[in-house]
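Chains, contacts and geometry: an overview
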Amino acid sequence: MTSFLNPGAAAVAAFDSRSQLRLPADLRLTPEQFERVCAENPEAVLELAADGQLITMTPTGGETGSRNGELILQLKLFTRGNRGWKVFDSSTGFRLPDGSVLSPDASLVSQQRWEALSAQERSSFVPLCLDLVVELASPSDEGPRGLTALRRKMAAYQSNGARLGWLILPQECAVEVWPASGEPKRLEQQEWLDAGSEFPGLRLELAEIWAG
C-alpha cells in the first residue's frame, strides 16, 4: 500500500506542463508530507491549508507577474537601505504556527528572526510567520488567487502573528491594510502606501504597481 510518508508513483504523479497534479479531494497532509509532495513535483505551485488540504495554484497572468516584479523591486530597495530586514518572493513557503504552508506574493522578515533559524530551517519551508505580508489580487474573484481566497489568507497571516498585511487590489486601485489585530482598512486612489512605525522608512509607490 502506498503512503505519503513514502510516496510512490501511484500516489503522486510527476507534475509537468502537460498534466495536472491529481490527488483525492479529501486528502489531508502533514507539513512534512507536504514538503515531500513538493519535492516530487518541483514544477507545481502548491500551498497547504491549516487543515492539511492541498491548495493547487495556477501561474499568474502577465500583468500580475509584472506588478509582482515591481513590488519585489521596491521592497528590495528598501532592505538595501535598511539592513534589518530580509525580503522574500512568491516562491518561498512559510510554515505558519497553525501548520499551514503559504507562499505570499512578497514578504519581509526581520534579519534578527532570520538569523535565529538553523541552516536546516532556512533551507526548507521557513518555520515562522512573516512580519510584513503582501498579496496581489488577480482580476478574477475565483480560485486560490481570487479576492475571496486572498482575504482568507490575510486573516490567516493575521491570526498567526503577522505584524502588517497589505492586500493590493490593482483593478480597483485600492489596498486593504491588515493590522496585527482587528479589521482591515481600505485605502483608495493612493499614490503612496506608508508602512508606519512598524517598518520605518518603508513606502510603496503604488502608481508603478497600478501601471502593471
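In short, a report on the structure. (Residues numbered from 1 in each chain as written. Predicted model: local features only at pLDDT ≥ 70, side-chain atom pairs only at ≥ 80, totals over all residues. Heavy atoms only, no water.)

Some points on the overall build of the chain
Secondary structure assignment for the chain yields 6 helices and 12 strands. For the chain, with 212 residues in total, the buried portion stands at 45%. Within the chain, counting contacts between residues at least 6 apart in sequence, those at least 24 apart form 53% of the total. For the chain, the exposed surface amounts to about 11200 Å²; the carbon and sulfur share of it is 48%. (Helix = DSSP H or I, 4+ residues; strand = E, 2+ residues; numbered from the N terminus. Buried < 20%, exposed > 50% of the residue type's maximum accessible area, 1.4 Å probe, protein only. Contact = heavy atoms within 4.5 Å. Areas by Shrake-Rupley, 256 points an atom, 1.4 Å probe, with all protein chains shown as cover.)

Description of the packing of aromatic side chains
A complete count under the given rule lists 3 aromatic pairs for this structure. Taking 5.4 Å as the distance between ring centres and 90° as the angle between the ring planes, the aromatic pair formed by Phe88 and Phe94 counts as edge-to-face. Overall, the relative accessible area of 9% leaves Phe88 in the buried class. Judged by its relative accessible area of 0%, Phe94 falls in the buried class. (Phe/Tyr/Trp six-rings, centres within 6.5 Å; stacked < 30°, edge-to-face > 60°.)

Focus on the sheet that holds strand β8 (residues 164-169)
Sheet architecture is open: 6 strands sit in the order β3-β6-β7-β8-β9-β10, paired in mixed fashion. This sheet does not close on itself; its edge strands, each paired only once, are β3 (85-89) and β10 (185-188). Direction aside, the axes of adjacent strands within the sheet are offset by 15° on average. Relative to strand β7 (residues 132-136), strand β6 (residues 106-110) runs antiparallel, the two being bridged by 3 bridges. Of the residues in β7, the one forming a bridge with Ala106 is Val134. Across the sheet, helix α2 (residues 62-81) touches β3, β6 and β7, and the angle it forms with β3 is around 165°. (Pairing = 2+ DSSP bridges. Axes fitted to C-alpha atoms, helices over the stretch in contact; angles between N-to-C directions.)

Brief notes about the layout of surface pockets
Within this model, the largest pocket holds a volume of roughly 440 Å³. Of all elements in the fold, only α1 (31-40), β1 (46-48), α2, β7 and α5 (147-159) reach the threshold of two or more residues within the lining of the largest pocket. With 3 residues, the top contributor of residues to the lining of the largest pocket is α2. Looking at side-chain class alone, the lining of the largest pocket contains 11 nonpolar, 11 polar and 5 charged residues. (1 Å grid on protein atoms, 1.4 Å probe; cavity = no way out; pocket = protein on both sides within 12 Å on 5 of 7 lines; lining within 4 Å. Points joined across faces, edges and corners; volume = space filled by probe spheres on them. Nonpolar A, V, L, I, M, F, W, Y, C, P; charged D, E, K, R; others polar.)

Here's the deal with unusual backbone geometry
Phi at Cys173 takes a positive value of approximately 50°, unusual for a residue other than glycine. For Cys173, the position within the fold is in the loop between β8 and β9 (174-179). Note on Cys173: relative accessible area 21%, which makes it partly exposed. Notably, Gln189 is not glycine yet its phi reads approximately 55°, a positive angle. Residue position: Gln189 is located in the loop between β10 and β11 (192-194). On the basis of relative accessibility, which here comes to 60%, the residue Gln189 falls in the exposed class.

Some words on the nonpolar core
Of all hydrophobic cores here, the largest spans 24 residues; its most connected members are Leu75, Leu108, Leu132, Trp166, Leu202 and Leu204. Broken down by secondary-structure element, the contributors of at least two residues to this core are α2, β3, β6, β7, β8, β9 and α6 (206-211). Once you skip the residues sitting within four places of it in the chain, Leu132 turns out to touch Leu75, Ala106, Ser107, Leu108, Leu164, Trp166, Phe199 and Leu202. (Core = buried A, V, L, I, M, F, W, Y, C linked by side-chain atoms within 4.5 Å.)

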